Amino acid sequence: MDKVEIPRKAIYRISIYSRCLRRLSEKGIETVSSSALASAAGVKPAQLRKDLGYFGQFGTRGLGYPVEVLLKTFREVLGRATLQPVILVGAGNLGRALLRYEGFLKEGFEVLGAFDKNAELIDTKRVPVPVYPDSVMVEFIEKHHVRMAIICVPAEFGQGVANTLVEAGVQGILNFSPTILHVPENVVVTRVDLAMELENLSFFIDQ
């Protein structure tokens, strides 16, 4: 189907809907009501219906939404109809932990390899993908048509890595590096700052 212009805030909720629908599908459930799906996703039914409106009309009054139809639609629009290739840059402790995370594959993302400036020193015994020197990263990205990358390098190297990724054609970056990345408008960056998240938790706990 044609690409749909979806607000960035809605993308996160759509991913949650997909997970809920996949669990329903695994249980053999064919239809789900808007109230039940909204409750499972932690949103209000009105928000759910608004988000689904980006894709057209679904469901039948009194019968609910067809689970498999919604799943197929979400996968096509979000680019998950096939496995999406991803690379990881920075195979330190955090990077290697992420490489062992099996959830990426379940969500439709295949981590093809990792890159590190000291690849020869990395302990790869429990790493499920090859770890390459960063000198071959650009060639690898172009060869495998990689458009998404995860950055797990120290702050001082984050921007340089991002620049290289963007120049090689990467359009989406999941940034675990503790620094703000400056990228062109056509490149999407999602920042994961674990320390900042803990600070937020600490604030609410102390209230």
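Presented here is a report on the structure given in the accompanying data block. What you see is a predicted model; the values in this text were computed from it and never measured.

1. Brief notes about the environment of Val 32
Structurally, Val 32 can be placed in strand S1 (residues 31–32). Sequence separation of Val 32 and Leu 21 is eleven residues, and the distance between their C-alpha atoms is 8.6 Å. With sequence-adjacent residues up to four places away left out, Val 32 is seen in contact with Leu 21, Leu 24, Leu 37, Gly 64, Tyr 65 and Val 67.

2. Remarks on the pattern of salt bridges
Oppositely charged side chains may form a pair once their charged atoms are brought near each other. Applying the stated rule across the entire model yields two salt bridges. With its nearest N and O atoms 2.7 Å apart, the salt bridge here joins Asp 51 to Arg 13. Residue Asp 51 is located in helix H3 (residues 45–52), and its partner Arg 13 is located in helix H1 (residues 8–26); the two are separated by 38 residues in the primary sequence. Asp 51 gets classed as buried once you look at its relative accessible area, which sits at 1%.

3. Describing the packing of aromatic side chains
Per the counting criterion, the structure on display carries four aromatic pairs. Measuring from centroid to centroid gives 5.0 Å for Tyr 101 and Phe 104, while their planes differ by 85 degrees, and the two rings are edge-to-face. Judged by its relative accessible area of 46%, Tyr 101 is partly exposed. Cluster of aromatic residues (ring-pair linked, three or more members): Phe 115, Tyr 132 and Phe 140.

4. Some remarks on the packing of H1 against helix H2 (residues 34–41)
Taken N-terminus to C-terminus, the directions of H1 and H2 make an angle of 110 degrees; their axes are 9 Å apart at the nearest point. Here H1 is positioned roughly perpendicular relative to H2, judged by the angle of their axes. Pair H1 / H2 crosses with right-handed handedness. Residues Ile 16, Tyr 17, Cys 20 and Leu 21 of H1 form the contact with H2, whose own contacting residues are Leu 37, Ala 40 and Ala 41. When grouped by side-chain class, the residues that make up the contact of H1 with H2 number seven nonpolar, no polar and no charged.

5. Some points on unusual backbone geometry
Positioned with a positive phi, His 145 is a non-glycine residue whose angle comes to about 55 degrees. Within the fold, His 145 resides in the loop between helix H7 (137–144) and strand S6 (148–151).

6. A word on the nonpolar core
Grouped together as the largest cluster of nonpolar side chains are 20 residues, with contacts concentrated most on Leu 21, Leu 48 and Phe 74. Those elements giving two or more residues to this core turn out to be H1, H2, H3 and helix H4 (67–77). If you tally residues by element for this core, the top one is H1, at six residues. Within the second largest apolar cluster, 18 residues are counted, among which are Val 89, Val 146, Ile 151 and Val 170.

7. Some points on the packing of H7 against helix H8 (residues 155–168)
Running from N to C, H7 and H8 point in directions that differ by 35 degrees, and their axes come no closer than 9 Å. Two packed elements cross with a definite hand, and for H7 against H8 that hand is right-handed. Here Met 137, Val 138, Ile 141 and Glu 142 of H7 come into contact with H8, specifically with Thr 164, Leu 165 and Ala 168. When its residues are assigned to classes, the contact of H7 with H8 shows five nonpolar, one polar and one charged.

Conventions we followed
Position numbers for residues count from 1 along each chain, tracking the sequence in the order it is written. A pLDDT threshold of at least 70 governs which residues receive local features in this predicted model, and a stricter bar of 80 or more applies before side-chain atom pairs are shown or counted, although totals over entire chains, interfaces and linings include all residues. To get the side-chain values, take all heavy atoms of the structure and skip hydrogens and water. Secondary structure elements follow DSSP: runs of H or I of four or more residues count as helices, runs of E of two or more count as strands, with numbering from the N terminus. Here, two residues are considered to be in contact whenever any of their heavy atoms come within 4.5 Å of each other. The working definition used for a salt bridge is a side-chain nitrogen of Lys or Arg within 4 Å of a carboxyl oxygen of Asp or Glu. The buried label applies to any residue whose accessible area, calculated with a 1.4 Å probe on protein chains only, is under 20% of its type's maximum; exposed applies above 50%, and partly exposed to all values in between. Any Phe, Tyr or Trp ring, taking Trp's six-membered ring, that has another such ring centre within 6.5 Å forms a pair; planes under 30 degrees apart are called stacked, those over 60 apart edge-to-face, and the others tilted. Note on definitions: angles span 0 to 180 degrees between N-to-C directions of axes, and those axes are lines fitted to C-alpha atoms, for helices only across the stretch in contact. Reported orientations rely on four angle classes, namely roughly parallel under 35 degrees, roughly antiparallel over 145, roughly perpendicular from 65 to 115, and oblique for the rest. Crossings are sorted by hand: turned counterclockwise from the far helix by less than a right angle, the near helix makes the crossing left-handed, and turned clockwise it makes it right-handed. We call Asp, Glu, Lys and Arg charged. Ala, Val, Leu, Ile, Met, Phe, Trp, Tyr, Cys and Pro are nonpolar, and the rest, Gly among them, are polar. The term nonpolar core refers to a set of buried residues drawn from Ala, Val, Leu, Ile, Met, Phe, Trp, Tyr and Cys, joined through side-chain atoms within 4.5 Å.

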